[in-house]
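Chains, contacts and geometry: an overview
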Amino acid sequence: MAKVVSIINQKGGVGKTTTAVSLAAAVGAKGFKVLLADIDPQGNSTSGFGINKRKISHSSYDVLVNDIHTEEAIIKTQFKNVDILPADLNLAGAEVELIDLEKRESRLKVAVAQVWDKYDYIFFDCPPSLGLITINALTASDTFLVPVQCEFYALEGLAQLMATVRQVKRLYNPHIELEGVLQTMYDGRLNLTQQVVTEIKKFFPNKVYKTTIPRNVRLSEAPSFGEPIMYYDKHSKGALAYDAFADEFLSQQK
């Protein structure tokens, strides 16, 4: 049965999708079967794996709202051991449509249960918000992973995220735990970075990964070529950092 991990931060621009795509690709390359579920209406994880959003038959929207069997929507990518549940523009309206549906908080959990036994890891690339789609992801997950940008506003909103998690834990998923916190866009030369890291470690004691992800031009370029960084430029600083992060992530799994 797969371990299910939400990759989440309601603040945009923190490297959430880059982390989802890069971690999924790196874990797949290490021999584990991976499903990346793109549940962000922007669909950047989908295009990050080279999939044209306009040409897909079914998406995570259909799975969430229209009760399409999950397997019908999953696409096998060209990258080792990675399948994707793609997103399309319809997902933008899902928040409103979910309100009137039965068991609206657990529809993703039901969908994922249909393919649990086919994967070692299922990752959710969550929207940059704390709406119903994100609540669905947290309800369906074993753990959640938080990418945090090493900049002044890094901790803004994290208290709200943790309050949402506590609510989900109380109402829908008593077993969810914090997987870890990943520092992104890291520049160790800056005093500000060190101050932010100190604050992050206070906020999440013993849960901050040793691996950090640097600012890297190649990381920014990779999505426009439809390739995860480790396939786009495996020798770049970004690729090496995410490979090391995947090792650290896997080493902590029971």
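Residues take numbers from 1 onward in each chain, read along the sequence in its written order. Given that this is a predicted model, residues contribute local features only at a pLDDT of at least 70 and side-chain atom pairs are listed and counted only at 80 or more, while totals for whole chains, interfaces and linings are drawn from all residues. To get the side-chain values, all heavy atoms of the structure are used, and hydrogens and water are removed first.

A word on the pairing of strand β6 (residues 143-149)
With 7 of its 7 residues buried, β6 lies for the most part within the structure. For each residue, the accessible area found with a 1.4 Å probe, counting protein chains only, is set against the maximum for its type, and the residue is called buried under 20%, exposed over 50%, and partly exposed in between. Numbering of helices and strands runs from the N terminus; a helix is a DSSP stretch of H or I covering at least four residues, while a strand is a stretch of E covering at least two. The two faces of β6 match: Thr143, Leu145, Pro147 and Gln149 on one face and Phe144, Val146 and Val148 on the other face are all buried. By definition, two strands form a pair when at least two bridges between them are found by DSSP. By the bridge criterion, 3 bridges tie strand β1 (residues 3-7) to β6 in an arrangement that is parallel. Counted as the bridge partner of Val5 is Thr143 from β6. Sheet topology note: the β6/strand β7 (residues 177-186) ladder contains 7 bridges and is parallel. If you follow Val146 over to β7, its bridge partner there is Val181. Throughout, right-handed denotes a crossover for which the path from the first strand over the helix to the second runs clockwise when the strands point away from the viewer. With respect to chirality, the unit in which β6 leads through helix α8 (residues 158-171) into the neighbouring parallel β7 is right-handed.

Digging into the sheet that holds strand β4 (residues 82-85)
In space, the 8 strands of this open sheet follow the order β3-β4-β2-β5-β1-β6-β7-β8, with mixed pairing throughout. Among the strands making up the open sheet, the edge pair consists of β3 (75-76) and β8 (208-214). Looking at chain direction, β7 and β8 are connected through 3 bridges and run parallel. Note that in β8 the partner of Tyr186 across the bridge is Pro214. Residue contacts are counted whenever heavy atoms from the two residues lie within 4.5 Å of one another. The axes are straight lines fitted to the C-alpha atoms, using for helices just the contacting stretch, and the angles between their N-to-C directions are given from 0 to 180°. Against the sheet, α8 engages β6 and β7, with an angle of about 175° to β6. Its contacts with the sheet put helix α12 (residues 237-251) on β1, β5 (121-125), β6, β7 and β8, and the angle it makes with β8 is roughly 165°.

A short note on the pattern of salt bridges
Pairing between side chains of opposite charge can happen when their charged atoms approach one another. One speaks of a salt bridge when a side-chain nitrogen belonging to Lys or Arg is within 4 Å of a carboxyl oxygen belonging to Asp or Glu. Using the criterion set out here, one finds 14 salt bridges in the structure. Among the ionic pairs, Lys202 bridges to Glu199, the shortest N-O distance being 3.3 Å. Separated by 3 residues within a single helix, Lys202 and Glu199 lie in helix α9 (residues 191-203), roughly one turn from each other. Look at Lys202 and you get exposed, because its relative accessible area is 58%. Ionic contacts of the salt-bridge type, sharing partners, join the residues Lys16, Asp40 and Asp125 into one network.

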